Amino acid sequence: MRRILFIWPVLLLTLLACKGEKADDGGVYQATDTLPMLITQIQKCSRLYTAEVKVHKIVTHDDVIRLKGSLLQKDFNFKVPLGERKIAIPMDATLKAYIDFSQFSEKNIERSGDKITILLPEPKVVMTSSKINQKEIREYVALARAHFSDAEMANYEQQGRAAIIQSIPQLGIFEIARENSARILVPMLTELGYQEENITIAFRKQYGVGDLKKLLEIIP
């Protein structure tokens, strides 16, 4: 189960900060149709948080002792009575996506006639928290087995975090980052005279599992 929260207050404040400055006469500063001015205005967006994803995952582990061997040239493999352990560990994690426009430059802009493409800087994903819901852990331990140790629990938590990280490309968080960046940038470009249908906001590439080590930040 996952829940995606659009960070509308942050987007609204960022939009105001990026687009408008107070002039000496109390009016709103209007951007002029120059590339340096566009770059300066976009750089003012700085770090733009675009989405928050809350992920709920249940990590399960089934630990069974089995007796294997051969008797009278016949193989056998069966569960040992009272030798089973099972556990279900609910985990909650929070992921946030942002784009840092502070280093935005001409390299991020492509123009062809009346068309313009803004190539967004690499998105970043921050795992701000992950925790086990201790009250909802479900555990079954047979009489002949010991309870799960703290070390085993920590290992299962790491497995759960790894599974959440692997699922990031499927959560749609990169597309949300692009869409919310467009809500900031498209009004700037229309003020410069570009028609909305001639504006493209895109990343340089499609991001997948192989990019996560570079894009992911984990806050302890």
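Residues numbered from 1 in each chain as written. Predicted model: local features only at pLDDT ≥ 70, side-chain atom pairs only at ≥ 80, totals over all residues. Heavy atoms only, no water.

Student: Go over the pairing of strand β8 (residues 199-203), please, and point to the residues and values.
Tutor: Of all five residues in β8, four are buried; the element is thus mostly enclosed. Taken together, the five bridges between strand β5 (residues 115-120) and β8 define a ladder with parallel strand orientation. When the bridges of β8 are listed, isoleucine 118 appears paired with isoleucine 201. (Buried < 20%, exposed > 50% of the residue type's maximum accessible area, 1.4 Å probe, protein only. Helix = DSSP H or I, 4+ residues; strand = E, 2+ residues; numbered from the N terminus. Pairing = 2+ DSSP bridges.)

Student: Go over helix α3 (residues 150-166) with me, naming the residues and quoting the values.
Tutor: When the terminal C-alpha atoms of α3 are compared, their 24 Å separation across 17 residues agrees well with the 24 Å that a helix rising 1.5 Å per residue should span. Among all positions of α3, only Met153, Tyr156, Gly160, Arg161, Ile164 and Ile165 are buried. (Expected span 1.5 Å × (residues − 1).)

Student: How would you explain helix α2 (residues 35-43) if you had to name every residue and give the values?
Tutor: Buried within α2 we find Leu38, Ile39, Gln41 and Ile42. For α2, the angular spread of the buried residues around the axis is 165°, confining them to a single face. (Arc of directions from axis to C-beta.)

Student: Give a description of the environment of glutamate 152 that names residues and reports values.
Tutor: Inspection of the secondary structure puts glutamate 152 in helix α3. Discounting residues that sit within four places of it in the chain, glutamate 152 has contacts with Arg85 and His147. A distance of 3.0 Å separates a polar atom in the side chain of glutamate 152 from a polar atom in the side chain of arginine 85. (Contact = heavy atoms within 4.5 Å. Polar contact = N/O pair within 3.5 Å; in protein donor to acceptor, adjacent residues only side chain to side chain.)

Student: Would you mind going over the nonpolar core in detail, with residue names and values included?
Tutor: Ranked by size, the top nonpolar core spans 43 residues in total, and within it Leu95 and Ile168 carry the most contacts. Look past the residues within four positions of leucine 95 in its chain and what remains in contact with it is Ala51, Glu52, Val53, Val55, Val125, Val126, Met127, Ile164, Ile168, Leu171 and Ile173. Membership of the second largest hydrophobic core comes to ten residues, among which are Val59, Ile87, Met91 and Ile137. (Core = buried A, V, L, I, M, F, W, Y, C linked by side-chain atoms within 4.5 Å.)

Student: A description of the layout of surface pockets should follow, citing residues and the corresponding values.
Tutor: The volume enclosed by the largest pocket comes to roughly 170 Å³. Taken together, Ile168, Pro169, Gly172, Ile173, Phe174, Glu175, Arg178, Ala202, Phe203, Lys205, Gln206 and Tyr207 make up the full set of residues lining the largest pocket. Contributions of two or more residues to the lining of the largest pocket are made by α4 (173-191) and β8. By residue number, the principal contributor to the lining of the largest pocket is α4, which donates four residues. A class-by-class count of the residues in the lining of the largest pocket yields seven nonpolar, two polar and three charged. (1 Å grid on protein atoms, 1.4 Å probe; cavity = no way out; pocket = protein on both sides within 12 Å on 5 of 7 lines; lining within 4 Å. Points joined across faces, edges and corners; volume = space filled by probe spheres on them. Nonpolar A, V, L, I, M, F, W, Y, C, P; charged D, E, K, R; others polar.)

Student: Quick one: what's the story with the sheet that holds strand β4 (residues 109-112), residue by residue and with numbers?
Tutor: In spatial order, the strands read β4-β5-β8; together these three strands make up an open sheet with mixed pairing. Every other strand in the sheet has two partners, leaving β4 and β8 as the edge strands with one partner each. Between one strand axis and the next, the sheet turns through 20° on average, direction left out of account. Sheet topology places β4 next to β5; four bridges connect them, and they run antiparallel. Residue isoleucine 109 lies in a different strand from β5, and its bridge partner there is isoleucine 118. Together, β5 and β8 form the strand contacts of α4, whose direction differs from that of β8 by roughly 145°. (Axes fitted to C-alpha atoms, helices over the stretch in contact; angles between N-to-C directions.)

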